[in-house]
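Chain residues, written in single-letter form:
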Amino acid sequence: MILLLAYFPTLYEDELLYSGIARYHINTGKKSQKQTIEDLFGDRLVCASADLPSHLEALVTRIDNHYSSDQLIRDHTIFPYYAYFINQSKIEHVEKLMKEGAAQGAIHASLGLMATKVKMPKYLQFCRECYREEVETCEPYWHRSHQIPGVAVCPVHKQTLVISKVECSTENHKFEFVALSKIKEDQFEELGIDTSWKGNLIYIAEQSVSMLASSCLRKSTLPAYKSLLYKKGYLTPKGRVKFERLIKEFRLFYTDKLLHHLNCEVTGASETWLHKIIRTPGEIIHPLRHLLIMKFLGDIPDNLANHSDLPFGEEPWPCLNKAAGHYQLDIIEECKISRCSNTGRPIGTFHCSCGFVYSRTSPDQSLDDKYRIGRIKEFGQVWYTKLREVNQANLSLRQKAKELGVDPGTVKNQLLVMKNFDVKKLTKNIVEQPKQIPRVVPVKIDVENPELSTNKLTRINWEKRDELLLDAVIKAVNLINNSSIPQRISVAAIKRALSKEALSETAIKNLTKLPKTSSYIKKCIDTTESFQIRRIIWAATKLEETEGRVLGWRLLKTAGLNYPLMKSVQKKFDEIINFSP
């Protein structure tokens, strides 16, 4: 008979499973670490592995399926980082070892980590800023993004990490889980790094976290190094790599000291890791070394679009139904491709067996675009079942929306749908769409400014209309800019802000006849970047007024933004943080 535990802590974002087990040990007041291990795994001999734990199925069963083994692997271990550049069969093999259990060292050996010089940090690391913020809001915990090989700075605060005395390996403490809350952060020193390395180390930290955040359960795509080498002039027309020049300039780019610090030296003339990564792309090479060569060649993981000729890559694709247990797992095998009538770009419509149907427009700009929804076309029975559950729970509308992966307005709309339609019919998509009936648009006349009238029977003086409309649009833009909370300036927003319905459908379709108004609108309309920059500036001002200081994480939260930021937004963010008191 399996003993089900009545309690297991909720794991925080980016928290190692190791850290959650350590907190469980403290919170339950158990004196023996081996007793904790036996309670959780049913076996006292399960090692306290920080990076790649095993026996996860046993753990999931005992905590009454509070988490799935796939979820633990994806969100609370470092495996997604290592899985980024390996093939699907190897991913599945390692997952099986992590779920079912394996002999000590078997998982690391399968990933080629026993043979590489690039090792896990000897001791668990943490960020002082993260530690202090978590003390105020919840409790400090071990972040998985701080334990990645080569990561020496916090990807959020850009501060050098601190080395604890808690060993990452199980060599000297096989059965001991140590919570970060037991560590006094001021008793330890930061990693000793050269200040000239900071830019490269920040890059390594940010890209490593980006790799960690991507789903490991996908078909990996290796970088097209030969193509990049050719563009940079390191490849002859016959395909021979100019290794002598490549190695020389690679070493100058990073310096031998930094490469030695990262255990990625390239000192030999032949048979170095740099030769292997280019000559045998299918061989397992440590992800850190992939990052180094990609930055040198001017490519980064976020730009690694699928090199397939297909606009959305090859099957399978991820299901993005947050209500389903297979959320973000690559299980969709059906994608119907159509063309946008306005832009001509491919539109992919993805149908999952759970009934969830979504679409997005090509091309993908990054690997993360694979997990982006352009539009939800059908929610499906699974989603509606979850909607019923969260609607009965004592949750706020925003919390319900977060559970379902949609916005609050969608929750309200779909609750009305459930009241008026048979959910089964909706999910089976058998409701016929009525034929489109031509819409009769009523004539709308501005009494004060007859020149803005949309009456097609009246001959329009476009020059006069341009003058009148420009004045109305300027007032609307000023009204939007004066909002207490930044609002995005768009044609729709301008139309909503107009006191009269001057910017009608007729005017929008004939903006070419309104040069002054058209020019002003184009100048004022926000791009995604310009709007995010305005939000960051507004958030910084608000924080200075209310709290007297601007912290990075508080700035992002107040502005409603998440990492990774666009280049110009990141620049403004760094500028504000660096110059804030």
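Residues numbered from 1 in each chain as written. Predicted model: local features only at pLDDT ≥ 70, side-chain atom pairs only at ≥ 80, totals over all residues. Heavy atoms only, no water.

**Focus: the overall build of the protein chain**
We count it as follows: For the purposes of this entry, the term helix denotes a DSSP run of H or I that reaches at least four residues, the term strand denotes a run of E that reaches at least two, and both are numbered from the N terminus. Note on definitions: a residue-residue contact is assigned when non-hydrogen atoms from the two residues lie within 4.5 Å. Surface accessibility in these figures is a Shrake-Rupley result with a 1.4 Å probe; residues are shielded only by whichever protein chains are displayed.
From N to C terminus, the protein chain includes 25 helices and 8 strands. For the protein chain, restricting intrachain contacts to residue pairs at least 6 apart in sequence, the fraction spanning at least 24 positions comes to 63%. As presented, the protein chain carries roughly 31100 Å² of accessible surface, and 50% of it is formed by carbon and sulfur atoms.

**Quick word on the nonpolar core**
Using the following cut-off: The nonpolar core is taken to be a set of buried Ala, Val, Leu, Ile, Met, Phe, Trp, Tyr and Cys residues, with the residues joined through side-chain atoms within 4.5 Å. Buried, partly exposed and exposed residues are distinguished by accessible area as a fraction of the type maximum, computed with a 1.4 Å probe on protein chains only: under 20%, between the cut-offs, and over 50%, respectively.
Tyr18 and Phe250 are the most contacted members of the largest nonpolar core, which totals 99 residues. Element by element, the count of residues in this core is highest for helix 9 (residues 198-213), at 7 residues. Sequence-distant contacts of Phe250, defined by excluding residues within four places in its chain, comprise Leu259, Val266, Trp273, Leu274, Leu292, Ile293 and Phe296. If you look at the next biggest cluster of nonpolar residues, it comprises 24 residues, including Phe350, Cys352, Phe356 and Met418.

**Section: unusual backbone geometry**
For Lys158, which is not glycine, the phi dihedral falls at a positive 60 degrees. Of the residues examined, Lys158 reaches a relative accessible area of 15% and is grouped as buried. Unusually for a residue other than glycine, Thr255 sits at a positive phi of about 80 degrees.

**Things to note about the packing of helix 4 (residues 69-76) against helix 6 (residues 88-100)**
What counts, and what does not: Only the stretch in contact is used when a helix axis is fitted, and all axes are lines through C-alpha atoms; the angle between N-to-C directions ranges over 0 to 180 degrees. For classification purposes, an angle smaller than 35 degrees is called roughly parallel, one larger than 145 roughly antiparallel, one from 65 to 115 roughly perpendicular, and anything else oblique. A crossing counts as left-handed when the near helix is turned anticlockwise from the far one by less than a right angle, and as right-handed when that turn is clockwise.
Across the interface, helix 4 lies against helix 6 with an axial gap of 10 Å and an inter-helix angle of 110 degrees. Comparing the axis directions of helix 4 and helix 6 gives the class roughly perpendicular. The interaxial crossing formed by helix 4 with helix 6 has right-handed handedness. From helix 4, Ser69, Asp70 and Ile73 reach across to helix 6, where they touch Glu95, Met98 and Lys99.

**Remarks on the packing of helix 19 (residues 462-481) against helix 22 (residues 515-524)**
Here is the rule: Classes in brief: Ala, Val, Leu, Ile, Met, Phe, Trp, Tyr, Cys and Pro nonpolar; Asp, Glu, Lys and Arg charged; the others, Gly included, polar.
Look at helix 19 against helix 22: their axes get within 8 Å of each other, and the N-to-C directions meet at 20 degrees. Our classification of the angle between helix 19 and helix 22 gives roughly parallel. Viewed along their axes, helix 19 and helix 22 form a crossing whose handedness is left-handed. From helix 19, Asp466, Glu467, Leu469, Leu470, Val473, Ile474 and Val477 reach across to helix 22, where they touch Pro515, Lys516, Thr517, Tyr520, Ile521 and Cys524. Considering only residue class, the contact of helix 19 with helix 22 consists of 9 nonpolar, 1 polar and 3 charged.

**Some details on the sheet that holds strand 8 (residues 375-378)**
So the rule is basically this: Any two strands are treated as partners once DSSP identifies two or more bridges connecting them.
Read across the open sheet, the 4 strands follow the order 5-6-7-8; overall the sheet is antiparallel. Two strands lie at the open edges of the sheet, namely strand 5 (334-339) and strand 8, each paired on one side alone. If you compare each strand with its neighbour and ignore which way they point, the axes differ by 25 degrees on average. Alignment of strand 5 against strand 6 (residues 346-351), held across 6 bridges, turns out to be antiparallel. Across the sheet, the residue bridging to Cys335 is Phe350, located in strand 6.

**Remarks on the pattern of salt bridges**
As a working rule, side chains carrying opposite charge can pair if their charged atoms are close by. Under the convention used in this document: Think of a salt bridge as a Lys or Arg side-chain nitrogen and an Asp or Glu carboxyl oxygen that are within 4 Å of each other.
Scanning all chains against the criterion turns up 19 salt bridges. Of the charged contacts in the structure, one is a salt bridge between Arg44 and Glu38, with a shortest N-O distance of 2.7 Å. When the shortest N-O distance is used, the salt bridge between Glu271 and Arg279 registers 3.4 Å. By sharing partners, the salt bridges in this structure join Glu15, Arg23 and Glu139 into a single network.

**Focus: the state of the cysteines**
To keep it simple, the criterion reads: Note that a disulfide, as used here, is simply two cysteine sulfur atoms within 2.5 Å.
Scanning the entire structure with this criterion turns up 0 disulfides. Counting only cysteine sulfurs, Cys130 is the nearest neighbor of Cys154, a cysteine outside any disulfide, at a range of 3.7 Å. For Cys154, a relative accessible area of 0% corresponds to the buried category. Not engaged in a disulfide, the cysteine Cys352 finds its nearest cysteine sulfur in Cys319; these two sulfurs lie 3.6 Å apart.

**Notes on helix 23 (residues 528-546)**
Cut-off, in case you're wondering: By definition here, a helix of n residues has an expected span of 1.5 Å times n minus one.
Taking 1.5 Å of rise per residue, the 19 residues of helix 23 would be expected to cover 27 Å, and the 27 Å separating its terminal C-alpha atoms lies within 8% of that figure. Among the residues making up helix 23, those that are buried are Phe531, Gln532, Ile533, Arg535, Ile536, Trp538, Ala539, Ala540 and Leu543. Of the surrounding secondary structure, the elements contacted by the buried residues of helix 23 are helix 24 (552-559) and helix 25 (567-579). Just downstream of helix 23 lies Gly548, where phi reads positive at about 80 degrees.

**Brief notes about the environment of Leu97**
Mapping Leu97 onto the fold places it in helix 6. By relative accessible area, Leu97 is classed as buried at 17%. Spatially, the C-alpha atom of Leu97 lies 9.9 Å from that of Leu52, the residues being 45 residues apart in sequence. Setting aside residues no more than four positions away along its own chain, Leu97 makes contact with Ser54, Ala102, Ala106, Ile107 and Ser110.

**What to know about the packing of aromatic side chains**
Note the threshold: Aromatic rings from Phe, Tyr and Trp, with only the six-membered ring used for Trp, were paired whenever their centres fell within 6.5 Å, and each pair was classed as stacked if the ring planes differed by under 30 degrees, edge-to-face if by over 60, and tilted otherwise.
Taken as a whole, this structure holds 20 aromatic pairs when the rule is applied. Judged by centre distance (5.5 Å) and plane angle (90 degrees), the rings of Trp383 and Tyr384 are edge-to-face. Of the two residues examined, Trp383 and Tyr384, each falls in the buried class. Cluster of aromatic residues (ring-pair linked, three or more members): Tyr234, Phe250, Phe253, Tyr254, Trp273 and Phe296.

**Considerations on the environment of Gln381**
If you trace the backbone, Gln381 turns up in helix 15 (residues 380-392). Of the residues examined, Gln381 reaches a relative accessible area of 34% and is grouped as partly exposed. Distance in space between the C-alpha atoms of Gln381 and Phe356 is 8.1 Å, their sequence separation being 25 residues.

**So, helix 15**
Note that an α-helix has 3.6 residues per turn; residues three or four places apart therefore point the same way. Let me state the cut-off plainly: In this context, the arc is that of the directions from the helix axis out to the C-beta atoms.
Between its first and last C-alpha atoms helix 15 spans 19 Å; for 13 residues at 1.5 Å apiece the expected length is 18 Å, and the two agree. What helix 15 keeps buried is the set Gly380, Trp383, Tyr384, Leu387 and Val390. One side of helix 15 holds all its buried residues, which, seen down the axis, span an arc of 125 degrees.

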